[in-house]
Amino acid sequence: MENLRTLEIKDNAFARQFETTVEEGLLIVEYSLQERKIFLTKIHKPEDYNNKTVIDQFLKDILAIAVERKLKVVPILPEIVTFFKKNSVYKELLPPGIRL
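Residues numbered from 1 in each chain as written. Predicted model: local features only at pLDDT ≥ 70, side-chain atom pairs only at ≥ 80, totals over all residues. Heavy atoms only, no water.

Caption draft 1: Geometry of the nonpolar core. Judged by nonpolar contacts, the single largest core of 27 residues is most densely connected at V29, I38, L40, L63, V73, I80 and F84. Contributions of two or more residues to this core are made by β2 (17-22), β3 (25-34), β4 (37-44), α1 (52-68) and α2 (78-86). In terms of residue count, α1 provides more of this core than any other element does, eight residues in total. Each residue touching F84, except ones within four places of it in the same chain, is listed here: L63, V73, P75, Y90, K91, L94 and L100. (Core = buried A, V, L, I, M, F, W, Y, C linked by side-chain atoms within 4.5 Å. Buried < 20%, exposed > 50% of the residue type's maximum accessible area, 1.4 Å probe, protein only. Helix = DSSP H or I, 4+ residues; strand = E, 2+ residues; numbered from the N terminus. Contact = heavy atoms within 4.5 Å.)

Listed below in structure tokens is the structure:
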């Protein structure tokens, strides 16, 4: 199992995605920005990559970036909605009116 470390995240604004490199390849979360909100729309993983611990760390790091930029977060992808449900500390990042 990979050591949990702070992941090095690149915000590829041109492609509208956050990227981090894992041993198996590139881990990507696609997003779109709209009126101080960031919509997390897709996760791309290397084939057969299912390290939940690293994926969760990647999402936590992305949410830290959202806090830094004062953005509300709208999880679109069911996998990200599940992450929010399991990590209720992040629910304050949801825009008013969004309930999970």
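Caption draft 2: Looking closely at the environment of T20. Mapped onto the fold, T20 is located in strand β2. Among residues more than four places away in sequence, those in contact with T20 are L7, E8, I9, G25, L26, L27 and F58.

Caption draft 3: Representation of the packing of α1 against α2. Packing of α1 against α2 leaves a shortest axis separation of 11 Å and a crossing angle of 80°. In this view, α1 runs roughly perpendicular relative to α2, as classed from their interaxial angle. Listed contacts from α2 to K52, I55, D56, L59, K60 and L63 of α1 are E79, I80, F83 and F84. Grouping the amino acids of the contact of α1 with α2 by side-chain chemistry returns six nonpolar, no polar and four charged. (Axes fitted to C-alpha atoms, helices over the stretch in contact; angles between N-to-C directions. Parallel < 35°, antiparallel > 145°, perpendicular 65-115°, else oblique. Nonpolar A, V, L, I, M, F, W, Y, C, P; charged D, E, K, R; others polar.)

Caption draft 4: The sheet that holds strand β5 (residues 72-75), seen in detail. Spatially, the five strands line up as an open sheet ordered β1-β2-β3-β4-β5, and their pairing is mixed. A single partner strand is all that each edge strand has here, and the edge strands are β1 (10-12) and β5. With direction set aside, neighbouring strand axes in the sheet form an average angle of 30°. One ladder, built from seven bridges, connects β3 with β4; its direction is antiparallel. Paired with E30 across the two strands is K42, which belongs to β4. (Pairing = 2+ DSSP bridges.)

Caption draft 5: Region of the structure containing the pattern of salt bridges. With the rule as written, the count across this model stands at three salt bridges. Note that R69 is salt-bridged to D11, the shortest N-O span being 2.7 Å. One end of the pair, R69, is in the loop between α1 and β5; the other, D11, is in strand β1, and 58 residues separate them in sequence. A relative accessible area of 26% places D11 in the partly exposed class. Between K52 and D56 there is a salt bridge whose closest N-O contact spans 3.6 Å. Of the two residues, K52 and D56 are both situated in helix α1; the distance of four residues between them amounts to about one turn of the helix. Here K52 falls in the partly exposed class, since its relative accessible area comes to 41%. Look at D56 and you get partly exposed, because its relative accessible area is 22%. (Salt bridge = Lys/Arg side-chain N within 4 Å of Asp/Glu carboxyl O.)

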